[in-house]
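For reference, the chains in residue letters:
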Amino acid sequence: PGTAGIDPWAWWYSFDAGGVRLIVLETGTDLPGDRDPIERDGPQLAWLEGTLAEAEARGLRTIVACHLPPFSSAEEDGPAPAVRERVVEVLDRHRVDLVLNGHAHAYERIERPGGDGRMVTYIVTGGGGAPFHHAVPPARREPGSKVFVEGRLHFVILEIGTRSIRGRAVPVAAPGEP
């Protein structure tokens with residue numbers, strides 16, 4: 001599956017590898033005046049629904065990636081309302097194993113129940129540079145927030161197996177740090 005027949009200029013797509021379907025969504029920006037690529041009843045959400053259903057029918061594990069996170073405890077760049085309201089609604093109707101997000105310049109792991117009650121892990125990883133974001137106090141964090149790391153360059157390694165997906169955040173020393 002891909003975007004063929006939908007929009008040749010669309011920035012959303014999927015591919016299958018090793019029993020996993022990776023779905024990349026275009027969630028837009030948070031800049032005032034930019035168009036909303038996640039229109040309710042729009043082509044991207046219809047495509048997402050079909051792509052997830054096909055992956056389930058084929059027994060594929062599913063990983064979804066998008067820039068703007070539906071859940072985030074970052075003070076400066078919190079959750080994106082359109083992604084939370086529209087994309088998560090579709091994800092909750094299907095079996096999704098992992099959702100990867102960027103945008104907030106921090107690391108956070110959030111676990112929340114999907115539509116079938118299974119826990120779905122949401123990772124926010126934006127530790128590649130720019131000013132870092134800060135977490136709100138633990139009592140005001142996103143429900144299900146298990147880890148929040150602010151102010152640390154990092155990257156995430158995923159080990160994707162036939163029965164599990166394991167990940168870890170790897171801290172990186174900034175220039176001039178030991």
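Data block above holds the structure.
Residues numbered from 1 in each chain as written. Predicted model: local features only at pLDDT ≥ 70, side-chain atom pairs only at ≥ 80, totals over all residues. Heavy atoms only, no water.

Caption draft 1: Expanded view of the sheet that holds strand β1 (residues 13–17). Read across the open sheet, the seven strands follow the order β1-β2-β3-β4-β6-β5-β7; overall the sheet is mixed. Of all strands in the sheet, those with a lone pairing partner are β1 and β7 (145–150), marking the two edges. Each adjacent strand pair in this sheet contributes to an overall mean axis angle of 15°, direction not counted. Two strands pair when backbone bridges link them, and strand β5 (residues 106–113) and strand β6 (residues 119–125) are joined in this way by seven bridges, in the antiparallel orientation. Across the sheet, the residue bridging to Tyr 107 is Thr 125, located in β6. (Pairing = 2+ DSSP bridges. Helix = DSSP H or I, 4+ residues; strand = E, 2+ residues; numbered from the N terminus. Axes fitted to C-alpha atoms, helices over the stretch in contact; angles between N-to-C directions.)

Caption draft 2: The packing of aromatic side chains, seen in detail. Following the criterion strictly, the structure yields two aromatic pairs and no others. On the basis of an interplanar angle of 50° and a centroid distance of 6.4 Å, the ring pair of Trp 12 and Trp 47 is categorised as tilted. Linking Trp 12 in the segment before β1 with Trp 47 in helix α1 (residues 43–57), this pair joins segments that are 35 residues apart in sequence. Assessed through its relative accessible area of 5%, Trp 12 is described here as buried. (Phe/Tyr/Trp six-rings, centres within 6.5 Å; stacked < 30°, edge-to-face > 60°. Buried < 20%, exposed > 50% of the residue type's maximum accessible area, 1.4 Å probe, protein only.)

Caption draft 3: View of the packing of α1 against helix α2 (residues 81–91). It is at 9 Å that the axes of α1 and α2 come closest, and there the two elements cross at 20°. The angle between α1 and α2 falls in the class roughly parallel. In the crossing of α1 with α2, the sense of the turn from one axis to the other is right-handed. Contacts between α1 and α2 involve Leu 45, Leu 48, Glu 49 and Leu 52 on the former and, on the latter, Arg 86, Val 87, Val 90 and Leu 91. Of the residues that constitute the contact of α1 with α2, the class distribution is six nonpolar, no polar and two charged. (Parallel < 35°, antiparallel > 145°, perpendicular 65-115°, else oblique. Left-handed = near helix turned anticlockwise from the far one by under 90°. Contact = heavy atoms within 4.5 Å. Nonpolar A, V, L, I, M, F, W, Y, C, P; charged D, E, K, R; others polar.)

Caption draft 4: Structural context of the pairing of strand β2 (residues 20–24). With four of its five residues buried, β2 lies for the most part within the structure. When β1 meets β2, the two strands line up antiparallel, connected through five bridges. Each bridged residue has a counterpart across the sheet, and for Phe 15 the counterpart in β2 is Leu 22. Counted along the chain from β1 to the antiparallel partner β2, the turn is two residues long, and its residue Gly 18 has a positive phi close to 55°. Two elements, β2 and strand β3 (residues 61–66), share five bridges in a ladder whose sense is parallel. Bridging across to β3, Val 24 finds its partner in Ala 65.

Caption draft 5: Inspection of unusual backbone geometry at higher detail. We note that Asp 41 has phi near 65°; this positive angle belongs to a residue other than glycine. With respect to the helices and strands, the residue Asp 41 is situated in the loop between β2 and α1. Here His 103, not a glycine, exhibits a phi torsion of approximately 75°, which is positive. Of note, His 103 is situated in the loop between β4 (98–101) and β5. With a relative accessible area of 15%, His 103 lands in the buried category.

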